[in-house]
Amino acid sequence: IDDFASMHEVVSRRYKRQLDEKNPLPDLILIDGGKGQLSAAKSALDALGLGYVPVIGLAKRLEEVFKPGVSEPQNIPKTSAGLHLLRKIRDEVHRCAITFHRKSRKIDMTKSIFEEIPGMGSKRIQKLWKEFESLEAIQESSLKEIVGRTGFSEKLCSAILGCAGRKS
């Protein structure tokens with residue numbers, strides 16, 4: 001994964017949407033990362049004509065603050081209230097992002113391949129799994145057997161076998 005390209009894309013999408021929807025722009029954009037991530041974000045802002053919006057980067061390792069066009073990190077005391085606020089903002093964003101990704105993965109992991117079949121709702125999927133304990137059991141069954149055990153139509157059972165990737 002290209003971290004810099006990802007940062008450029010995220011910033012581009014976010015602030016293009018802000019412009020398209022005529023929403024207010026922030027007073028400061030805080031980027032999670034050092035010089036490379038900041039440069040990618042600044043490039044995206046410049047491409048959108050937003051180069052005037054202040055942006056800084058907060059590198060995690062040493063809690064260094066970077067500004068565009070300045071090669072050395074800004075010297076902010078580690079006990080500074082300002083640096084403490086920046087850390088809290090960054091940590092909260094991380095917490096939200098992690099929560100979102102966990103929720104997305106959980107939804108993907110509980111999704112059934114049979115949901116793609118028209119006419120297969122949650123109750124029919126539950127009935128199918130009640131009758132057949134595994135995907136292999138479905139694959140090894142005949143069309144007639146699935147129809148008999150589930151009471152579903154032949155057309156639906158044929159689609160189930162196709163979706164299950166029945167071995168020939």
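I will try to describe carefully the structure that is included in this document.

Conventions and cut-offs
- Residues numbered from 1 in each chain as written.
- Predicted model: local features only at pLDDT ≥ 70, side-chain atom pairs only at ≥ 80, totals over all residues.
- Heavy atoms only, no water.
- Axes fitted to C-alpha atoms, helices over the stretch in contact; angles between N-to-C directions.
- Helix = DSSP H or I, 4+ residues; strand = E, 2+ residues; numbered from the N terminus.
- Parallel < 35°, antiparallel > 145°, perpendicular 65-115°, else oblique.
- Left-handed = near helix turned anticlockwise from the far one by under 90°.
- Contact = heavy atoms within 4.5 Å.
- Nonpolar A, V, L, I, M, F, W, Y, C, P; charged D, E, K, R; others polar.
- Phe/Tyr/Trp six-rings, centres within 6.5 Å; stacked < 30°, edge-to-face > 60°.
- Buried < 20%, exposed > 50% of the residue type's maximum accessible area, 1.4 Å probe, protein only.
- Lys NZ or Arg CZ within 6 Å of the ring centre and 35° of its normal.

**Some thoughts on the packing of helix 6 (residues 143-150) against helix 7 (residues 154-163)**
- Relative to each other, helix 6 and helix 7 sit at 120°, their axes nearing to 9 Å. When the axis of helix 6 is compared with that of helix 7, the two are oblique. Our pair here, helix 6 against helix 7, has a crossing hand that is right-handed. Side by side, helix 6 and helix 7 meet where Leu 143, Ile 146, Val 147 and Thr 150 of the first sit next to Glu 154, Cys 157, Ser 158 and Leu 161 of the second.
- Looking at side-chain class alone, the contact of helix 6 with helix 7 contains 5 nonpolar, 2 polar and 1 charged residues.

**Observations concerning the packing of aromatic side chains**
- Summed over the entire model, instances satisfying the criterion amount to 1 aromatic pair.
- Arranged with centres 5.6 Å apart and planes meeting at 55°, the rings of Phe 114 and Trp 129 form a pair that is tilted. In this pair, Phe 114 is assigned in the loop between helix 3 (81-110) and helix 4 (122-131) and Trp 129 in helix 4, connecting sequence segments 15 residues apart.
- For Phe 114, a relative accessible area of 0% translates into the label buried.
- Over the face of the ring belonging to Tyr 15 we find Arg 14, whose NZ or CZ atom lies 5.7 Å from the ring centre.
- For the cation-ring pair, Arg 149 lies above Phe 132, with the distance from its terminal atom to the ring centre recorded as 4.1 Å.

**Concerning unusual backbone geometry**
- A positive phi angle, near 55°, is found at Lys 22, a position not held by glycine.
- Summarising the element assignment, Lys 22 is placed in the loop between helix 1 (3-20) and strand 1 (29-32).
- With phi around 55°, Glu 63 is a residue other than glycine that occupies positive phi space.
- Residue position: Glu 63 is located in the loop between strand 2 (55-59) and strand 3 (64-66).
- A residue is classified by how much of its surface remains accessible, and Glu 63, at 17% relative accessible area, is buried.

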